[in-house]
Amino acid sequence: MMTMLPASESQATSANRNPPQRYLLLGCCLLACLLADPIWAKGQAQERLLKAAFVYNFAKFTQWPTSSFSDGEASLNLCLIGQDGLNGDLRRLDGRLVKGRTLRVKALDGNTLPDSCHMAYIARSEGSGLARQLAGRPVLSISQISHFSRSGGIIELYRRNGKIRFRINRSAAQRAGLSISSRLLKLADVVGG
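Residues numbered from 1 in each chain as written. Predicted model: local features only at pLDDT ≥ 70, side-chain atom pairs only at ≥ 80, totals over all residues. Heavy atoms only, no water.

Trainee: Looking at this model, I keep getting lost on the pairing of strand E4 (residues 101–108). Mind explaining?
Mentor: Every regular strand shows the same layout, with side chains that alternate between the two sheet faces. One ladder, built from six bridges, connects strand E2 (residues 76–81) with E4; its direction is parallel. Bridging from a neighbouring strand, Leu 76 pairs with Leu 103 of E4. Between strand E3 (residues 97–98) and E4, which follow one another and run antiparallel, lie two residues, and Lys 99 among them has a positive phi close to 50 degrees. (Pairing = 2+ DSSP bridges. Helix = DSSP H or I, 4+ residues; strand = E, 2+ residues; numbered from the N terminus.)

Structure (structure tokens):
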């Protein structure tokens, strides 16, 4: 003998056996988010490595005054000021050769830049005011801070249309006594002359 359930109980029992489509859709969305997160993280890691490669190449295409080095074998020093996601990838550059000089990467405490720094990566945490403090010193300043090149910094890394790009403030480089290769300038958005 078959018993009849009231309509509300019948619908509830049916819902337990066959979950509504919205729950299935929600489950698929959650699964997609979980799978996409490692892909997103991998993309972020690749972007940081690409930016570190840009910084390395900036060094290769920049000429410092000979007075910036104690002798022909002195290292080329990249100083890291502040913290952001790029610092770890920039540290990987330590020990590489640039024009016969060993590249040394040094993390600094505070905003004081020693005279031994030839390049300075300024993290987003520091703001663009430090670029003005470096004006006129033979230091290639690099940052991802928005409008860094317009604030007196030399090279600004940024994204446009999903690609990593860079701006070079040519006037700031000249004031610092640095000569940037025309090959690098052709690839950049040049500001300041």
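Trainee: So what exactly am I meant to see when it comes to the sheet that holds E4 here?
Mentor: Through backbone hydrogen bonds, the strands of a sheet pair up, either in parallel or in antiparallel fashion. Strand order in the open sheet formed by eight strands is E3-E4-E2-E5-E6-E7-E8-E10, with mixed pairing between adjacent strands. The sheet terminates laterally at E3 and strand E10 (189–191), the two strands that pair on one side only.

Trainee: Which parts of the structure should I look at to understand the state of the cysteines?
Mentor: Working definition of a disulfide: a covalent bond connecting the sulfur atoms of two cysteines. Per the stated rule, a full pass over the model turns up one disulfide. Disulfide partner of Cys 79: Cys 117, at an S-S distance of 1.8 Å. With the S-S bond torsion at -90 degrees, the cross-link from Cys 79 to Cys 117 turns out left-handed. Residue Cys 79 is located in strand E2, and its partner Cys 117 is located in the loop between E4 and strand E5 (119–122); the two are separated by 38 residues in the primary sequence. (Disulfide = S-S within 2.5 Å.)

Trainee: Hey, could you run me through the nonpolar core in this one?
Mentor: Taken as a class, soluble globular proteins show a tendency for nonpolar side chains to be buried jointly. Residues Phe 58, Leu 78, Met 119 and Leu 140 are the most contacted members of the largest nonpolar core, which totals 37 residues. If we skip the residues at most four places from it in the chain, Leu 78 touches Val 55, Leu 90, Leu 93, Leu 103, Arg 104, Val 105, Lys 106, Met 119, Ala 120 and Tyr 121. Within the second largest apolar cluster, 13 residues are counted, among which are Cys 79, Leu 108, Leu 113 and Ile 145. (Core = buried A, V, L, I, M, F, W, Y, C linked by side-chain atoms within 4.5 Å. Buried < 20%, exposed > 50% of the residue type's maximum accessible area, 1.4 Å probe, protein only. Contact = heavy atoms within 4.5 Å.)

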